[in-house]
Amino acid sequence: MSEHQGKKKWLELAEKELRGKPVESLNWKTPEGIEVKPLYTAEDIEGLECVNTIPGVSPYVRGPKATMYAGRPWTIRQYAGFSTAKESNEFYRKNLAAGQKGLSVAFDLATHRGYDSDHPRVVGDVGKAGVAVDSVEDMKILFDRIPLGEMSVSMTMNGAVLPILAGYIVAAEEQGVSQDKLAGTIQNDILKEYLTRNTYIYPPEPSMRIVSDIIEYCSKNMPKYNTVSISGYHIMEAGANSVLQTAFTLADGLEYVKAALAKGLDIDDFAPRLSFFFGIGMNFFMDIAMLRAARFLWAEIMSRFNPKKPQSSMLRTHCQTSGWSLTQQDPYNNIIRTTLECLSAVLGGTQSLHTNSFDEAIGLPTDFSARIARNTQIIVQEESQICHVVDPLGGSYYVEYLTNSIVEEARKIMKEIEDLGGMAKAIEMGMPKRMIEESAARKQARIDMGKDVIVGVNKYTIEEDLIDDIREVPATVRDEQVARLKEIKSKRDNDAVKKALDAITKCAESGGNLLEACIPAMRARATVGEVTEAMEKVFGRFVATTQCISGAFSSEYGDSEIIKSIQKRTEEFMNREGRRPRILVTKMGQDGHDRGMKVIATAFADLGFDVDISPMFQTPEEAAKMAIENDVHVVGASSLAAGHKTLVPQLIENLKRMGGEDIKVVAGGVIPPQDYQYLYDAGVAGVFGPGSVIADTANRVLNLIEQK
């Protein structure tokens, strides 16, 4: 039977099974707007530019290596870090003994933002969402008995990248390992910080200089080291769909290439050491296609610069399963989600992978949950037999169609970015952030309406299934870090430190390689905060303007009675009180993930609230002052990084002290249910955990405001 005859027969059978409904009724649109049919055949991929390629051969759609996992499986990594360097070191060594092949270090938010642990702005952040590193001494403890000359180490660091990388180099040096032997990756992707994660320190221009200085230094001195990991993961976690993740990640990469070329570097001297980092969510085939499309597009982009080495055009990537897709409700479902995302990343051809632990929707992973996450990869790698065939989905009509669709859609967005003058200019104008926030708001609306099913959250729900074993970082961690800082400063040569710090400031002012200037300072036991401040004297500290989009949430609902009823309530409130219900949405501490607060702000504005958004990185005192000055009815405190038990009670205390005791405080985000009563006892009026439906949340907040 020919393909034409086969399709005709299929159409007859399908229409019969659908009892007269048109086959087109089975068509659907992905969140990216790509039209998907129920059946694909060879006809659908005829003439597409992405098909009929070979693994290891440009444009690398089917993988950057000819043999892929048949020759060598992907590297199993676990992104981890918490509390003190000593605790993290014990965790690393245990995981390495259990089959993990590389380290991925998570630093705490104080370190990310270039503050030492004794700084007053980081009281609620030290050791909470990563490991606290204040100096080389912490770095040496972190890698104690881990041979840095043999181990690939990935470090997620962007804002304070100079003191951290310099500290790592010195720690290795004091372990007897020279720079040229170091293998691994420093993320060093500052552009996505302005887009999504917000752990920047300096303004964009000097930050881009830092990126190119690191590329320059490592190209000359650390040939095995990947100098930039261009991250789409945080773009995805902020709400971007697969097309947006592809377009913005590659546009960031192009900007770094241009910055390095502007330094006079040869394309083949640095491009082979660029790597990528993609996020993998629950749209299984779409994310497989995304990785394939990204490799095609990167080879296309790099061809503009006429590289001579094939490695300069290869997109090599690490992947991480989604943290946002994890749910607090029915949490053991997260093991299944992570397994599917793991398989998607592998079938897409990742070079290394981190799988999230099932309990990360409510806190840091425990040893138990981390073992399950790690074993997920080991089982897929060792038991599924998928490693024997290179790109097993290559030639799939559906996957090839999706790959080509992502290429076409991402090209349009990248063209728009180039027309604006490049990614740095586009970020300055707010274009990518707006598109990501609109995508996030629409996604939340679809979940709230039940259009996008989340098992255990909006369908097949059960009675609350709590996880009893929650890892909690004690407040004493900060005390330990502060004590070690005092000890280091009492024993070091402070004149030598001052001289080294002055040299960094001079380098920032007059030119020179900043990484080269930072290494002697870290060697002399300058702290991360001191090195950061030495450059801050010249560059200043960047403060972003926080804006709120409108219309995306309500437009996804369409003509909805739920939306209308809440809008009617806010209208009645205005008629009765002479003004709309007013909420201040704030993030306190140094956590920069703002997806939750932005979605809440957008949705509440669409529902008829007056919404104020605080600047990022507020102290409780600053948030209280803004709430009183703006005369709000309620403050919504968004939490993600385990600082809620410290920061939210301090906010309530400051409101009372300043005369705002009638302002209600609600909290939302990643808050373990076990902590709810603690917050209620501290004076919180409402707690909204992960999976809360925004319409219900808005009604509850209105009820609180209307209570006299």
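Computed from a prediction, not measured in an experiment: that's the story for all the values here. (Residues numbered from 1 in each chain as written. Predicted model: local features only at pLDDT ≥ 70, side-chain atom pairs only at ≥ 80, totals over all residues. Heavy atoms only, no water.)

Points about the overall build of the protein chain
Condition: Going along the chain from the N terminus, every DSSP run of H or I of four or more residues is numbered as a helix, and every run of E of two or more is numbered as a strand. Only C-alpha atoms enter the radius of gyration, while the globule expectation follows 2.2 Å times N to the 0.38, with N the number of residues. Only protein chains enter the calculation, and the probe is 1.4 Å; a residue is then buried if its accessible area is under 20% of its type maximum, exposed if over 50%, and partly exposed in between. The contact criterion used throughout is that any non-hydrogen atoms of two residues lie within 4.5 Å. Each accessible area value is a Shrake-Rupley result obtained with a 1.4 Å probe; residue values ignore everything except the protein chains displayed when judging cover. Under the counting rule used here, the positive set is Lys and Arg, the negative set is Asp and Glu, and His together with the chain ends is not counted. Charge placement uses NZ in Lys and CZ in Arg. For Asp and Glu, CG and CD serve respectively.
Along the backbone of the protein chain there are 28 helices and 16 strands. Computed over its C-alpha atoms, the radius of gyration of the protein chain comes to 26 Å, within 12% of the 27 Å expected for a compact globule of 708 residues. For the protein chain, the spread of C-alpha atoms along the principal axes amounts to about 85 × 70 × 50 Å. Looking at the protein chain residue by residue over its 708 residues, the buried ones come to 59%. Sequence-distant contacts in the protein chain: of pairs separated by 6 or more residues, those separated by 24 or more amount to 78%. Summing over all exposed atoms, the protein chain offers an accessible surface of approximately 28,000 Å²; the carbon and sulfur share of this is 51%. Taking the average place of the 81 positive charges on the side chains of the protein chain and the average place of its 96 negative ones, the gap between the two points comes to 2 Å.

Quick notes on the nonpolar core
Let me state the cut-off plainly: By nonpolar core we mean a set of buried residues, namely Ala, Val, Leu, Ile, Met, Phe, Trp, Tyr and Cys, connected to one another through side-chain atoms within 4.5 Å.
Core analysis: the largest hydrophobic core is formed by 106 residues, its most contacted members being Phe 248, Phe 270, Trp 298, Met 423 and Phe 609. Val 131, Phe 143, Ile 186 and Val 528 belong to the second-largest nonpolar core, a separate cluster that totals 60 residues.

So, the packing of helix 24 (residues 595-606) against helix 28 (residues 694-706)
Just so we agree on the cut-off: An axis is simply a line fitted to the C-alpha atoms; with a helix, the fit covers only the stretch in contact. Between two such axes, the angle follows the N-to-C directions and lies from 0 to 180 degrees. Note on terminology: angles under 35 degrees are roughly parallel, angles over 145 are roughly antiparallel, angles of 65 to 115 are roughly perpendicular, and the others are oblique. Throughout this entry, Asp, Glu, Lys and Arg are counted as charged residues, while Ala, Val, Leu, Ile, Met, Phe, Trp, Tyr, Cys and Pro are counted as nonpolar. The remaining residues, Gly among them, count as polar.
In the contact formed by helix 24 and helix 28, the axes pass within 11 Å of each other and the chain directions differ by 70°. Taken together, the axes of helix 24 and helix 28 lie roughly perpendicular to each other. Taken together, the residues of helix 28 that come into contact with helix 24 (itself represented by Val 599, Ile 600, Ala 603 and Phe 604) are Ile 694, Thr 697, Ala 698 and Val 701. Residue composition of the contact of helix 24 with helix 28, by class: seven nonpolar, one polar and no charged.

A short note on the sheet that holds strand 16 (residues 686-688)
Convention followed: Pairing between strands is defined by DSSP: at least two bridges between the two strands are required.
Pairing within the open sheet is parallel, and its five strands lie in the order 13-12-14-15-16. Since the sheet does not close on itself, it has two edges, and those belong to strand 13 (610-613) and strand 16, each with one partner. Taken pair by pair, the neighbouring strands of this sheet meet at an average axis angle of 20°, ignoring direction. Bridge count for strand 12 (residues 582-587) against strand 14 (residues 634-639) is five bridges, and the pairing is parallel. Looking at strand 14, one finds that Leu 584 is bridged to Val 635. In the packing of helix 25 (residues 620-629) onto the sheet, contacts are made with strand 12, strand 13 and strand 14, and the angle to strand 12 comes to roughly 165°.

Here's the deal with the packing of aromatic side chains
The criterion, for reference: Only rings of Phe, Tyr and Trp enter the pairing, Trp through its six-membered ring, and a pair is recorded when the two centres are within 6.5 Å. The plane angle decides the type: under 30 degrees is stacked, over 60 is edge-to-face, the rest tilted. Here, a charge over a ring is recorded when the distance from Lys NZ or Arg CZ to the ring centre is within 6 Å and its angle to the ring normal is within 35 degrees.
Taken as a whole, this structure holds 19 aromatic pairs when the rule is applied. Between Tyr 200 and Phe 542, the aromatic rings sit 5.2 Å apart at their centres with planes inclined by 85°, giving edge-to-face as the arrangement. On the criterion of sequence distance, the pair formed by Tyr 200 in the loop between helix 7 (191-197) and helix 8 (204-221) and Phe 542 in the loop between helix 21 (528-539) and helix 22 (552-557) is long-range, its members being 342 residues apart. Given the relative accessible area of 2%, Tyr 200 is considered buried. A relative accessible area of 24% means that Phe 542 is categorised as partly exposed. Their ring planes at 20° and their centres at 6.3 Å tell us that Phe 276 and Phe 278 sit as a pair that is stacked. Ring pairing ties together the aromatic residues Tyr 40, Phe 284, Phe 285, Tyr 398 and Tyr 401, which thus form one cluster. Above the ring of Tyr 40, the side-chain terminus of Lys 37 is found at 5.2 Å from the ring centroid. Looking at Arg 595, its charged tip hangs above the ring of Trp 324, at a distance of 3.8 Å from the centre.

Observations concerning the pattern of salt bridges
For the record, the criterion: In the sections that follow, a salt bridge refers to a side-chain nitrogen of Lys or Arg positioned within 4 Å of a carboxyl oxygen of Asp or Glu.
Per the counting criterion, the structure on display carries 49 salt bridges. Lys 7 is the partner of Glu 43 in a salt bridge, and the nearest nitrogen-oxygen pair spans 3.0 Å. Taken together, the positions of Glu 43 in the loop between strand 2 (35-36) and helix 2 (68-71) and Lys 7 in helix 1 (residues 3-17) put the pair 36 residues apart, joining distant regions of the chain. Its salt-bridge partner being Asp 367, residue Lys 94 comes within 3.1 Å of it at the nearest N-O pair. Remark: Asp 367 occurs in helix 14 (residues 367-383) and Lys 94 occurs in helix 3 (residues 85-97); sequence separation between them is 273 residues. On the basis of relative accessibility, which here comes to 36%, the residue Asp 367 falls in the partly exposed class.

Focus: helix 3
Because an α-helix packs 3.6 residues into every turn, residues spaced three or four apart end up facing the same way. This is how the line gets drawn: A helix's residues, less one, multiplied by 1.5 Å, set its expected span.
Over its 13 residues, helix 3 extends 18 Å from the first C-alpha to the last, a length consistent with the 18 Å expected when each residue adds 1.5 Å. Of the residues flanking the end of helix 3, it is Gly 99, one or two places downstream, whose phi is positive at about 120°.

Concerning the side chain of Glu 237
Relative to the elements of secondary structure, Glu 237 occurs in helix 9 (residues 233-237). It turns out Glu 237 is buried and unbridged, and the closest side chain with the opposite charge, Arg 595, is 5.7 Å from it. Among residues more than four places away in sequence, those in contact with Glu 237 are Ser 322, Gly 323, Trp 324 and Arg 595.

Overview of the pairing of strand 6 (residues 183-186)
Here strand 5 (residues 152-156) runs beside strand 6; their pairing, made up of four bridges, is parallel. Bridging across to strand 6, Val 153 finds its partner in Gly 184. Judged from the two bridges that link them, strand 6 and strand 7 (residues 225-226) form a sheet pairing that is parallel. In the strand pairing of strand 7, Thr 185 is matched with Asn 226.

Focus on the pairing of strand 10 (residues 317-321)
Let me state the cut-off plainly: Seen with its strands pointing away from the viewer, a crossover is right-handed when the path leading from the first strand over the helix to the second is clockwise.
Of all five residues in strand 10, five are buried; the element is thus mostly enclosed. Side-chain alternation along strand 10 places Thr 317, Cys 319 and Thr 321 on one buried face and His 318 and Gln 320 on a second face that is also buried. Examined bridge by bridge, strand 9 (residues 274-280) and strand 10 share five bridges and lie parallel to one another. Of the residues in strand 10, the one forming a bridge with Ile 280 is Thr 321. With respect to chirality, the unit in which strand 9 leads through helix 12 (residues 284-302) into the neighbouring parallel strand 10 is right-handed. Relative to strand 11 (residues 352-354), strand 10 is paired through three bridges, and the arrangement is parallel.

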